[in-house]
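Here are the chains, one letter per residue:
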Amino acid sequence: MNFRSWFVARLAGKQLFVLAGLTALLMIAGAGSAPGQNTRRQRRESNANRRARITRTIDDTYSHRWEVGAGGGYERFRSGEFKQQNNEVAFWTSGMYSLNPKLGVVGIVGGGFGSAKLNNTIENAVNPQIQDYEYMAGPSYRLVRKEKYSVGVYGTGGAAYGRFSTGPKDFPSTTVGLWPSGTAAAFSVGVNLDYNFFPNLAVRVTPNYQGTTYGSTVQNNKLVNFGLVYRFGRMP
């Protein structure tokens, strides 16, 4: 073999060696990147599935036609024009018919029980028991709808009935400065804060303002209610 043939053979061998090395590097790089690409693809698919599941849960939760709730609470109520506000134990029940996932019509029946603060009176009647009951209805609107919680507002109006008697039937409550017993107009606004255990079951906390009109005046009552809400039925 002459020198020229030997040089060409050596050059060709080096080219094949370099080509083989590049091929091996490309194969290693491809093998190394495949798991990462698969992981990213799986992560994207997992996130997409999670978002789809959350969307289905939200639709399932707020597509119920009916909602009922009940519970207790705490109320601050002024039992007479010149009396201090007294504490009352409150109760509430509600039912709502949903027109769509956000808007509904709600009816509320509630009340409170407590002792009026009379201070010193010539009749010597000390802290008589009083009760008030409210029957109201109006619109309700959900501002926020999430998988685990929701925020809604409502406004209602109707009637209230108060019992402020402090003694026998011939002893009127107005004698000791309490509101006259009877029926009066009432209205209320509040915020429903729901935490969903399941699509059809939630715990609710409701801070609200309630106005009553005993004695031709307005009583500005403040309440915090809490309880459970159950949803059922489906919108078409």
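Since we're looking at a predicted model, the values are computed, not measured.

About the thresholds
- Residues numbered from 1 in each chain as written.
- Predicted model: local features only at pLDDT ≥ 70, side-chain atom pairs only at ≥ 80, totals over all residues.
- Heavy atoms only, no water.
- Phe/Tyr/Trp six-rings, centres within 6.5 Å; stacked < 30°, edge-to-face > 60°.
- Helix = DSSP H or I, 4+ residues; strand = E, 2+ residues; numbered from the N terminus.
- Buried < 20%, exposed > 50% of the residue type's maximum accessible area, 1.4 Å probe, protein only.
- Polar contact = N/O pair within 3.5 Å; in protein donor to acceptor, adjacent residues only side chain to side chain.
- Contact = heavy atoms within 4.5 Å.
- Pairing = 2+ DSSP bridges.
- Axes fitted to C-alpha atoms, helices over the stretch in contact; angles between N-to-C directions.

Caption draft 1: The packing of aromatic side chains, seen in detail. In total, this model carries 9 aromatic pairs according to the counting rule given. With a centroid separation of 6.0 Å and an interplanar angle of 5°, the aromatic rings of Phe77 and Phe164 are classed as stacked. Taken together, the residues Phe77 in strand E1 (residues 66-78) and Phe164 in the loop between strand E5 (149-163) and strand E6 (182-198) connect sequence positions 87 residues apart. In this structure, Phe77 and Phe164 share a single accessibility class: buried. Summarising the aromatic geometry, the rings of Phe91 and Phe113 are spaced 5.9 Å apart at their centres and angled 25° between planes, so their arrangement reads as stacked. Here Phe91, found in strand E2 (residues 85-98), pairs with Phe113, found in strand E3 (residues 103-115); they are 22 residues apart in sequence, far enough to count as distant.

Caption draft 2: Region of the structure containing the side chain of Thr61. Mapping Thr61 onto the fold places it in helix H1 (residues 3-62). Owing to a relative accessible area of 1%, Thr61 belongs among the buried residues under this scheme. At 2.8 Å, the side chain of Thr61 and the backbone oxygen of Thr57 are in polar contact. Setting aside residues up to four positions removed in sequence, Thr61 forms contacts with Asn196, Pro199 and Arg231.

Caption draft 3: Spotlight on unusual backbone geometry. Even without a glycine there, the phi angle at Ser216 is positive, about 60°. One can find Ser216 in the loop between strand E7 (201-212) and strand E8 (219-232). Residue classification places Ser216 among the exposed positions, given a relative accessible area of 78%.

Caption draft 4: Quick look at the sheet that holds E8. Here 8 strands make up a closed barrel; going around it, the order is E1-E2-E3-E4-E5-E6-E7-E8 and the pairing antiparallel. Pairs of neighbouring strands in the sheet enclose a mean axial angle of 25°, with direction left out of account. Relative to E7, E6 runs antiparallel, the two sharing 10 bridges. Note that in E7 the partner of Gly190 across the bridge is Asn208.

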